[in-house]
Amino acid sequence: MSIAVVVPAEILGIILPLLLGVPFLVLAERKVIAFVQRRKGPDVVGSFRLLQPLADGSKLILKEPISPSSANFSLFRMAPVATFMLSMVARAVVPFYYGMVLSDPNIGLLYLFAISSLGVYGIITAGRSIN
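Residues numbered from 1 in each chain as written. Predicted model: local features only at pLDDT ≥ 70, side-chain atom pairs only at ≥ 80, totals over all residues. Heavy atoms only, no water.

A. Expanded view of the overall build of the protein chain. Helix and strand content of the protein chain: 5 helices and 0 strands. Overall, the protein chain shows an N-to-C arrangement of helices and strands of α-α-α-α-α. The burial tally for the protein chain puts 14% of its 131 residues in the buried class. Surface exposure of the protein chain reaches about 10,200 Å², of which carbon and sulfur atoms provide 71%. (Helix = DSSP H or I, 4+ residues; strand = E, 2+ residues; numbered from the N terminus. Buried < 20%, exposed > 50% of the residue type's maximum accessible area, 1.4 Å probe, protein only. Areas by Shrake-Rupley, 256 points an atom, 1.4 Å probe, with all protein chains shown as cover.)

In structure tokens form, the structure reads like this:
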């Protein structure tokens, strides 16, 4: 198997569980919050309400995008993408299982701190694009 096929498979093996796990963690959080507040939680879609994250995701995608009229549109749209990509790149040095690490540099902890500190620039870019 060539290196061009192995690397994307490793990347997908690490990133897909992260991306698929987050909606269900949000669903669990919403159910706990509903229990604490003594109200009904998300109970609209699917059996055992397992399709609620898909409904939330489609609602988020189909909503009308709101951007300030004075904003630089390209910078305003690029800022969340940059923050998301930096958070995914930071996961490259985190070992998830024995032998399952995407990259193993000698300075992995320094790399993790450096990349995670760059995530702030997405927020700064979004704020700066409005002026």
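B. Spotlight on the packing of helix H3 (residues 73-90) against helix H5 (residues 120-128). Two elements in contact, H3 and H5, have axes separated by 8 Å at closest approach and are oriented at 170 degrees. Judged on the interaxial angle alone, H5 and H3 are roughly antiparallel. Facing Leu 75, Phe 76, Met 78, Ala 79 and Thr 83 of H3, the residues of H5 in contact are Gly 122, Ile 123, Thr 125 and Ala 126. Among the residues making up the contact of H3 with H5, the classes are represented as 6 nonpolar, 3 polar and no charged. (Axes fitted to C-alpha atoms, helices over the stretch in contact; angles between N-to-C directions. Parallel < 35°, antiparallel > 145°, perpendicular 65-115°, else oblique. Contact = heavy atoms within 4.5 Å. Nonpolar A, V, L, I, M, F, W, Y, C, P; charged D, E, K, R; others polar.)

C. H3, seen in detail. Helix length check: H3, at 18 residues, gives a terminal C-alpha distance of 27 Å against a target of 26 Å (1.5 Å per residue), a fit within 8%. Of all the bends found along H3, the most pronounced is centred on Ala 79 and spans about 25 degrees, while Pro 80, a proline, follows it within four residues. Buried within H3 we find Phe 76, Ala 79, Met 88 and Ala 90. (Expected span 1.5 Å × (residues − 1). Bend = angle between axes of the 7 residues up to and from the residue.)

D. Quick look at the side chain of Ser 129. Mapped onto the secondary structure, Ser 129 falls in the segment after H5. On the basis of relative accessible area, Ser 129 is assigned to the buried category, the value being 2%. From its side chain, Ser 129 meets the backbone oxygen of Ala 126 in a polar contact 2.8 Å long. (Polar contact = N/O pair within 3.5 Å; in protein donor to acceptor, adjacent residues only side chain to side chain.)

E. View of the environment of Leu 50. On the secondary structure map, Leu 50 appears in the loop between helix H1 (3-36) and helix H2 (52-62). In sequence terms Leu 50 and Pro 23 are 27 residues apart; their C-alpha atoms lie 9.9 Å from each other.

F. Here's a closer look at the packing of H3 against helix H4 (residues 108-118). The geometry of H3 relative to H4 is characterised by a closest axis approach of 8 Å and an angle of 170 degrees between their N-to-C directions. The orientation of H3 relative to H4 falls into the category roughly antiparallel. Listed contacts from H4 to Leu 86, Val 89 and Ala 90 of H3 are Tyr 111, Leu 112, Ile 115 and Leu 118. Its residues assigned to classes, the contact of H3 with H4 shows 7 nonpolar, no polar and no charged.

G. Representation of a nonpolar patch on the surface in the model. Taken together, the side chains of Leu 12, Leu 16, Leu 19, Leu 20, Val 81, Phe 84 and Met 85 present a nonpolar region at the surface, about 650 Å² in accessible area. Elements with a minimum of two residues in the nonpolar patch: H1 and H3. In terms of residue count, the dominant contributor to the nonpolar patch is H1 (4 residues). Note that Leu 19 resides in helix H1. (Patch = residues over 30% accessible without salt bridge, like charges linked within 9 Å, V, L, I, M, F, W, Y side chains within 5 Å. Salt bridge = Lys/Arg side-chain N within 4 Å of Asp/Glu carboxyl O.)

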